[in-house]
There are 4 protein chains.
Amino acid sequence: MTDTIIDTSVIQAENARREADLRRDYESLGERLDRRGIAIDAIKEKVAGFSVAVPSWGVGTGGTRFARFPGPGEPRDIFDKIEDCAVISQLTQATRSVSLHIPWDKADPNRLKQAASRFNLGFDAMNSNTFSDAKGQLQSYKFGSLSAADSGTRQQAIEHNLECIEIGRTIGSKALTVWIGDGSNFPGQTNFTTQFERYLASMKEVYAALPEDWRLFTEHKMYEPAFYSTVVQDWGTSYLTATELGEKAFCLVDLGHHAPNVNIEMIVARLAQFGKLGGFHFNDSKYGDDDLDAGSIDPFRLFLVFNELVDAESRYADFRPAHMLDQNHNVTDPIESLMLSAADVQRAYAQALAVDRAALVAAQDANDALAATQELRLAFRTDVEPILALARFEQGGAIDPLATYRAAGYRAKVAEIRPKVEGGTGGIV
Amino acid sequence: MTDTIIDTSVIQAENARREADLRRDYESLGERLDRRGIAIDAIKEKVAGFSVAVPSWGVGTGGTRFARFPGPGEPRDIFDKIEDCAVISQLTQATRSVSLHIPWDKADPNRLKQAASRFNLGFDAMNSNTFSDAKGQLQSYKFGSLSAADSGTRQQAIEHNLECIEIGRTIGSKALTVWIGDGSNFPGQTNFTTQFERYLASMKEVYAALPEDWRLFTEHKMYEPAFYSTVVQDWGTSYLTATELGEKAFCLVDLGHHAPNVNIEMIVARLAQFGKLGGFHFNDSKYGDDDLDAGSIDPFRLFLVFNELVDAESRYADFRPAHMLDQNHNVTDPIESLMLSAADVQRAYAQALAVDRAALVAAQDANDALAATQELRLAFRTDVEPILALARFEQGGAIDPLATYRAAGYRAKVAEIRPKVEGGTGGIV
Amino acid sequence: MTDTIIDTSVIQAENARREADLRRDYESLGERLDRRGIAIDAIKEKVAGFSVAVPSWGVGTGGTRFARFPGPGEPRDIFDKIEDCAVISQLTQATRSVSLHIPWDKADPNRLKQAASRFNLGFDAMNSNTFSDAKGQLQSYKFGSLSAADSGTRQQAIEHNLECIEIGRTIGSKALTVWIGDGSNFPGQTNFTTQFERYLASMKEVYAALPEDWRLFTEHKMYEPAFYSTVVQDWGTSYLTATELGEKAFCLVDLGHHAPNVNIEMIVARLAQFGKLGGFHFNDSKYGDDDLDAGSIDPFRLFLVFNELVDAESRYADFRPAHMLDQNHNVTDPIESLMLSAADVQRAYAQALAVDRAALVAAQDANDALAATQELRLAFRTDVEPILALARFEQGGAIDPLATYRAAGYRAKVAEIRPKVEGGTGGIV
Amino acid sequence: MTDTIIDTSVIQAENARREADLRRDYESLGERLDRRGIAIDAIKEKVAGFSVAVPSWGVGTGGTRFARFPGPGEPRDIFDKIEDCAVISQLTQATRSVSLHIPWDKADPNRLKQAASRFNLGFDAMNSNTFSDAKGQLQSYKFGSLSAADSGTRQQAIEHNLECIEIGRTIGSKALTVWIGDGSNFPGQTNFTTQFERYLASMKEVYAALPEDWRLFTEHKMYEPAFYSTVVQDWGTSYLTATELGEKAFCLVDLGHHAPNVNIEMIVARLAQFGKLGGFHFNDSKYGDDDLDAGSIDPFRLFLVFNELVDAESRYADFRPAHMLDQNHNVTDPIESLMLSAADVQRAYAQALAVDRAALVAAQDANDALAATQELRLAFRTDVEPILALARFEQGGAIDPLATYRAAGYRAKVAEIRPKVEGGTGGIV
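Residues numbered from 1 in each chain as written. Chains lettered and ligands numbered in written order. Predicted model: local features only at pLDDT ≥ 70, side-chain atom pairs only at ≥ 80, totals over all residues. Heavy atoms only, no water.

- The name recorded for chain A in an unreviewed UniProt entry is L-rhamnose catabolism isomerase, from Devosia honganensis.

Printed below as a string of structure tokens:
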């Protein structure tokens, strides 16, 4: 039996106050969708089956290179983090797995497995870390890791990835995500080609150790922490990497890792078309890799991404992208942000399912640009909250996760147990 | 014997005033380079062998969607344009071929050949045009060309490209450049995947007609004229296209066709590494596809591109990228801009040749970021003008092309013959 | 009595099919808003009173510097344009005035007045044009207009603006909008300071001729048609200009005239705070000044702009910004785009009115970032279409303007009368 | 008498090996400049008189939010930092003052004064820090400082600034720089107008305490650490702030704090024209606030900034901008980066002094865009290194600061004394 973190009576009490309105809203929305030939229950069913992984590091307060301002009840270790993830999962019923980060989450694998299964949580992709130096580490990653000029450093980075696979294998993960910060800060600091050759050679060693039923995700990023060039700088290089590695290698798309103005949904379509879309790191951004809550800055863009995913679902037989949130919560309670972000990802999915695809294709084929784009806008404007809420409710979650979480007083409770963390400067000094 | 457009006596007189200083400057520069172990004559020889093609449309005054302001002596047709190109070639000795644009330059191929060979000019890549409707054209390209939903429109666009190959074959061109404006202005207007499938299918028909010794260049562009999505939006899609087509297909890089902040020199390195770098459309830009004179906005970036090219020269046996200027001259005499741009492209090449590559690699291997980047800066700071000027002078060109051109009074002379052109609005109304 | 362009029986028939659903949807939405303490009728009243001007040039098909692809029934002159504007006004009841562009719309002022009043249309701000050369114009604007180095050119540009005021005065306009393309394409081409001094001096002469009850709008733009620098490049320079001129001068914000990633809603707040927000040119964009339909690319941004406007309404007594659409319709029927854009501007306004401002301020004061941003998201997610539709319906417009317009067959009818226009290249050649 | 950190015999030995070449290069350059009517000695004199301040925090290895990788010999405190600054000053003779950051550099003012005067270093602007929480601080700046909703927090931030003034007064500083990270991460988190009102009110209290002969610098930044909005987001808001405060308030321009593609040199011109240019934080960037070495990414832009400064020098009587380096050195020896950056700032100044301003103005007035921009390019292409080197040499500095610094073995020496610092994660966890 699954343990629950939030007392179910709190959830029941909160839901009881909202159920009648929810059912009325759901019915009314159902009628409006029905007028457009869209079946609301089918959407609800798909939404209910949808899950996005929570990154273990996401439940702690994040920071910038200037500072970090922790909040009350910061998780002390991966076991606290798993409990926080369980809260999110319980209330939203939309986040059934946790994504670990090694070495931050290193612990006895059996304890990890036990801790997660207690809350019926699974483990999503393993994340290796070669962008900072762990204590006692022999070689420094200051000048690169998998692509470093120094062969000892590369070997260490390879072995670290192999260890991540090993841990993941024990706890039931099925994927490894490799994101590296390697690059350069100045023109000439590295040779682009040599560096990429070294990166590919290292990745091939990691790939060779990948279990048969695993996937390897390569993730591009335009810049930061490297400020002049980054080895895997865009989806083009990510695609080349995945192609060089083999059929178990796929490209991960993080919504904040692109150049300004780039049409991300189009990249999604291209990667899916060429069989290399691995999945997503969801978040939102206005400037750089801001790691804000998914859908908080440009919700229409998130919808357009899901519009491609729904299109791809109908095109490709074995299409199963891995979805994860990857956010930095600097000014909010991380649990609150992650709950709402999971819902906002579901929201975009539900809206994309509300597109009348036959009408869309007909307008496209007729060069009726206006009618075509209206189909998308109509779906995006649909307030699908009743669908999400009913899907949560029917699975034992909260109609209103935020209000329920606050009513449960979880943060205050853990703040009593977990010691206060001092704020401090970030990376600059 | 080659005809000359500018009276050689003018060139000689202008050169005579500058030769002594030039020789002294060349000697002084040679001594400074020698101190760094760089042989000036070797650079001069490479610079002398370098040529960048001039686009026929570049010699007419360009405009924006708001307006066009023609200058005196606008070329009336391709034959006037070839004469203008001959001036550029004669004075700079750096532009030995002309790149035609069909249908703008359509004319009797034999006359074209004759007109060019009179000035010892060759023909570079042929450029097809399916981004505007030619008079009397059956199908409109309003909603796309090679990727249009309508099959008749696609067929027309394919045939136009085949015609370009046919004309090119007659006049001695060896390449076809395909740039299309196809895309969409609104989310949902087109289906990204379907549209790209249609584009690939059309391109395969064009590719099938390519003569054995030709190359096909595909050119990406982020946006404009389409403002939401573009079929070949970045180098990733361009690479996929070239790969799908075959070994005669390559990617062309236009310096103004990228997202803001993108590291273009890195794209150059990647394409070269994977055997798909076709060549360049040189220009410069600050905001979008501004089509300004090469090196006028960010000369260091142009140098860094050539730094990659020089690196690639030493790595890949059959490395022979096609170089073309592709600029829009709205406020300058196009001939003047093209002369100086050709020189600025050569300048970047000469500076890149002045890099001490052994020292660079040594610094890179030692993670000495500062020393490595200093190698590039040192080369970039070298004022290589004496090298360019002597290379021109020794081949019969002008030590100072701009002053010599102005002294020759060419613009005033053609303005007497060629009728005045009225200005007008651009595309918006 | 006002003439109608679209047969009212068509409107009535179309509305009849939709009225029952609309009333049910309005009621259901009303109930949901009521739960949040928001009165739906108050929003509807404000929406009904809202009007956005249509630019005369917007009803013709636009183009890019590469090409223009006209559609059927292109308006031949300002009188055709006024009829097209009347269609938009009749069906949407949201566009009660037309904004003229001189010299494009030059005609006998009395005829203009008559043509507009026939459809109960007023005249919004007058727009001068010194970014292209009119036929027969003495001085060219190639190198600038109000800021040109040549004093004769500046004088001509000043006089053109005075003429615009004069025409506007006759037809009942109350504002002049000055947008110039002046700038430079190359570093050094102009001296920033000298050029701005000349611009200010010219503007002061224009301002001196402004009638007492008029406003002068200065409009900034980052780039295009000038590609290195633009005289009024951002809101900072626009603010300086308005301040230097005097209390009748205000800043106009065009949503597509900013640098990538800029927070436009914040600029709106700043200009309002310092008493210089003149109004808007609404459109949307993904890359540059794309001039796409308002709300088509980033509807949340449009909402956030209106969130500031609603905030400002409550702060500043004499706050009355002028709203205009300023779009380029390259692939759609311009009338259709303008109808939907007017509705989308209203939609953003309605959503902004649905914000619970007391709750918002409370969350802000409590540093409850999540609750604060949820207030905005909740309002944005509200599908306010029933409010807009009922506001239209009650004023005699169409519940569904697009369907009704298509049912009325207006485009086909004018295409019979108005001659077909050939497509062609844009400004580049 | 001034102490020296680097043994003067090392400098003399290194200089001796380079002096002859330098004198020959200087002479040769002088001759070439003379041909263009430019006097080399006049440039050298101005360069010799130029100084850019070094920020105390710049001599320690910087980091990102992902990690920090310290190098050997990290300064332990402000006194170590002053010694490092003294090395830079001694070798480059271009950095005569240090800019302190409070509370990081807090120490007994008398000791500070003594430590600096020992090396003949002065103190530049004081920098307050309200973007991170100092240990033991009562109120947190998590939700803002000078603009925080909480009045106690604002008061604390004001008092901190007053303390900075107080310390600065004691040690001989004459300016206070206020940069705050205040803003918001989500739409709605703060009210733009209310927040700016609070900021202005706080700043007025700080300004009121400013000594008569001091200047207050306000510094804008587009984003980071706040990722949706920043209170002082651009030069427009910075200008409004300085204007509201009074005549001792000026705007500081950091080259990395702007939106992509922004024309920074134009902002420099505008601020100078309206009497509000306070000075610079020099660095370079490709993506965001990358804080790379000045001139390392876009040296032409740095030159264009100085082209405006030289223009302003001749226009405004009391023009005396404050120059400071503000860089983050993640992969280089900070001392090396700062030495070369100081030289690169001087280089841009020297190149700007090599512009033939009469010829430039003549070309501008004649609308000869090409000739005008060529004047700038000609100056920029001038390799002015001999001027900088001789200016250094004549003042007792090193002809080649980098080689001399390495020859002196300073880093190894301090690494023996200063303890090794462990690397670690940055702000994110």
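**A short note on the interface of chain D and chain A**
In step 1: Across the contact, 56 residues belong to chain D and 56 residues belong to chain A.
In step 2: Taken together, both faces of the contact between chain D and chain A bury some 4800 Å²; the carbon and sulfur share is 65%.
In step 3: We note a salt bridge from Arg65 of chain D to Asp291 of chain A, for which the minimum N-O separation is 3.0 Å.
In step 4: Remark: the boundary between chain D and chain A carries eleven residue pairs in polar contact (both at pLDDT 80 or more).
In step 5: Looking at the side of chain D that touches chain A, the elements with two or more residues in it are β2 (67–68) and β14 (424–425) of chain D.
In step 6: Taken together, the residues that form the side of chain D that touches chain A break down as 24 nonpolar, 19 polar and 13 charged. (Contact = heavy atoms within 4.5 Å. Buried area = accessible area lost by both parts, 1.4 Å probe. Salt bridge = Lys/Arg side-chain N within 4 Å of Asp/Glu carboxyl O. Polar contact = N/O pair within 3.5 Å; in protein donor to acceptor, adjacent residues only side chain to side chain. Helix = DSSP H or I, 4+ residues; strand = E, 2+ residues; numbered from the N terminus. Nonpolar A, V, L, I, M, F, W, Y, C, P; charged D, E, K, R; others polar.)

**Section: the relation of the copies chain C and chain A**
In step 1: In the superposition of chain C on chain A (RMSD 0.0 Å, axial shift 0.0 Å), the rotation amounts to 180°. These values place the two chain copies in the arrangement generated by a two-fold rotation axis.
In step 2: Take the interface residues of chain C: 100% of them recur as interface residues in chain A, which is what a same-surface contact looks like. (Least-squares fit on C-alpha atoms with pLDDT ≥ 70 in both.)

**Quick notes on the interface of chain C and chain A**
In step 1: Contacts between the two partners involve 39 residues from chain C and, on the opposite side, 39 residues from chain A.
In step 2: For the pair chain C and chain A, the summed buried area comes to about 3400 Å², and 47% of that belongs to carbon and sulfur atoms.
In step 3: Counting every contact that joins chain C to chain A gives twelve salt bridges.
In step 4: Here Glu31 of chain C and Arg24 of chain A are joined by a salt bridge, their closest N and O atoms 2.9 Å apart.
In step 5: Where chain C packs against chain A, one counts 13 residue pairs in polar contact (both at pLDDT 80 or more).
In step 6: The residue inventory of the side of chain C that touches chain A, partitioned by class, reads 14 nonpolar, seven polar and 18 charged.

**Here we look at the pairing of strand β8 (residues 215–219) of chain C**
Residues and elements named next belong to chain C.
In step 1: Counting buried positions over the five residues of β8 gives five, a clear majority of the element.
In step 2: Neither face of β8 is exposed, since Arg215, Phe217 and Glu219 on one face and Leu216 and Thr218 on the opposite face are all buried.
In step 3: Two elements, strand β6 (residues 175–178) and β8, share four bridges in a ladder whose sense is parallel. Bridge pairing in β8 places Val178 opposite Thr218.
In step 4: By the bridge criterion, four bridges tie β8 to strand β10 (residues 249–254) in an arrangement that is parallel. Paired with Leu216 across the bridge in β10 is Ala249. (Buried < 20%, exposed > 50% of the residue type's maximum accessible area, 1.4 Å probe, protein only. Pairing = 2+ DSSP bridges.)

**Quick word on the relation of the copies chain D and chain A**
In step 1: Rotating chain D by 180° and moving it 0.0 Å along the rotation axis overlays it on chain A with an RMSD of 0.0 Å.
In step 2: Comparing contact sets, 100% of the residues at the interface of chain D also lie at the interface in chain A, consistent with an isologous, same-surface contact.

**Topic: the pattern of salt bridges**
In step 1: A full pass over the atoms with the stated rule returns 153 salt bridges over all chains.
In step 2: Between Asp25 of chain C and Arg35 of chain A there is a salt bridge, with the nearest N and O atoms lying 2.8 Å from each other. With one member in each of two chains, Asp25 of chain C in helix α1 (residues 8–35) and Arg35 of chain A in helix α1 (residues 8–35) form a pair that bridges those chains.
In step 3: By relative accessible area, which is 13% here, Asp25 of chain C ends up buried.
In step 4: Residue classification places Arg35 of chain A among the partly exposed residues on the basis of a relative accessible area of 36%.

**Topic: the packing of aromatic side chains**
In step 1: As enumerated under the stated definition, the model contains 82 aromatic pairs over all chains in all.
In step 2: Here the aromatic rings of Tyr239 of chain C and Phe274 of chain C are separated by 6.4 Å at their centres, their planes lie at 85°, and the arrangement is edge-to-face. Here Tyr239 of chain C is found in helix α7 (residues 235–245), whereas its partner Phe274 of chain C is found in the loop between α8 (264–273) and β11 (277–282), with 35 residues between them in sequence.
In step 3: Owing to a relative accessible area of 12%, Tyr239 of chain C belongs among the buried residues under this scheme.
In step 4: Of note, Arg111 of chain C hangs over the ring of Phe79 of chain C, and the distance from its end group to the ring centre comes to 3.8 Å.
In step 5: Sitting over the face of the ring of Phe250 of chain D, Arg215 of chain D holds its NZ or CZ atom 5.7 Å from the ring centroid. (Phe/Tyr/Trp six-rings, centres within 6.5 Å; stacked < 30°, edge-to-face > 60°. Lys NZ or Arg CZ within 6 Å of the ring centre and 35° of its normal.)

**Things to note about the side chain of Asp333 of chain B**
Residues and elements named next belong to chain B.
In step 1: Tracing the chain through its elements places Asp333 in the loop between β13 (322–325) and α10 (334–353).
In step 2: Judged by its relative accessible area of 16%, Asp333 falls in the buried class.
In step 3: Here Tyr405 takes part through its side chain, which lies 2.7 Å from a polar atom of the side chain of Asp333.
In step 4: Engagement of the side chain of Asp333 in a polar contact is seen with the side chain of Arg411, the distance being 2.7 Å.
In step 5: Non-local contacts of Asp333, meaning those with residues more than four positions away in its chain, are made with Tyr405 and Arg411.

**Thoughts on the sheet that holds strand β1 (residues 54–55) of chain A**
Residue and element names in this part refer to chain A.
In step 1: In space, the three strands of this open sheet follow the order β1-β3-β5, with parallel pairing throughout. The open sheet has two free edges, formed respectively by β1 and β5 (122–123), since each of these has just one partner strand.
In step 2: Alignment of β1 against strand β3 (residues 97–99), held across two bridges, turns out to be parallel. Looking at the pairing, Val54 lines up with Val98 of β3.

**A look at helix α13 (residues 385–394) of chain B**
All names here are of chain B.
In step 1: When you tally the buried positions in α13, you get seven out of ten residues, the bulk of the element.
In step 2: Elements that come into contact with the buried residues of α13 comprise α1 (8–35), α2 (40–48), α3 (78–92), α10 and α14 (401–408).
In step 3: Backbone geometry just downstream of α13 places Gly396 in the positive-phi region, at approximately 95°.

**Here we look at the environment of Val331 of chain B**
In step 1: Relative to the assigned elements, Val331 of chain B resides in the loop between β13 and α10.
In step 2: A residue is classified by how much of its surface remains accessible, and Val331 of chain B, at 11% relative accessible area, is buried.
In step 3: C-alpha of Val331 of chain B to C-alpha of Pro109 of chain B: the two residues are 222 residues apart in sequence and 32 Å apart in space.
In step 4: In contact with Val331 of chain B, not counting residues within four places along its chain, are Lys142, Phe143, Asn185, Phe186 and Gln189 of chain C together with Ala369 of chain D.

**As for the environment of Asp182 of chain D**
Residues and elements named next belong to chain D.
In step 1: Residue placement: Asp182 occurs in the loop between β7 (175–178) and β8 (183–184).
In step 2: Given the relative accessible area of 3%, Asp182 is considered buried.
In step 3: Asp182 sits 88 residues away from Ala94 along the chain, and the two C-alpha atoms are 34 Å apart.
In step 4: Each residue touching Asp182, except ones within four places of it in the same chain, is listed here: Gly144, Ser145, Leu146, Ser147, Ala148, Ser229, Thr230 and Val231.
In step 5: Here Ser147 takes part through its side chain, which lies 2.8 Å from a polar atom of the side chain of Asp182.

**Focus: helix α2 (residues 40–48) of chain C**
Every α-helix carries 3.6 residues per turn, so stepping three or four residues along brings you back to the same face.
Residue and element names in this part refer to chain C.
In step 1: Of the residues making up α2, those classed as buried are Ile40, Ile43, Lys44, Val47 and Ala48. All buried residues of α2 lie within an arc of 135° about the axis, which places them on one face of the element.
In step 2: The secondary structure elements touched by the buried residues of α2 are α1, α10 (334–353) and α13 (385–394). (Arc of directions from axis to C-beta.)

**Quick word on the sheet that holds β6 of chain C**
All names here are of chain C.
In step 1: Strand order in the open sheet formed by seven strands is β3-β5-β6-β8-β10-β11-β12, with parallel pairing between adjacent strands. This sheet does not close on itself; its edge strands, each paired only once, are β3 (101–102) and β12 (322–325).
In step 2: Together, β10 and β11 form the strand contacts of α8, whose direction differs from that of β11 by roughly 155°. (Axes fitted to C-alpha atoms, helices over the stretch in contact; angles between N-to-C directions.)

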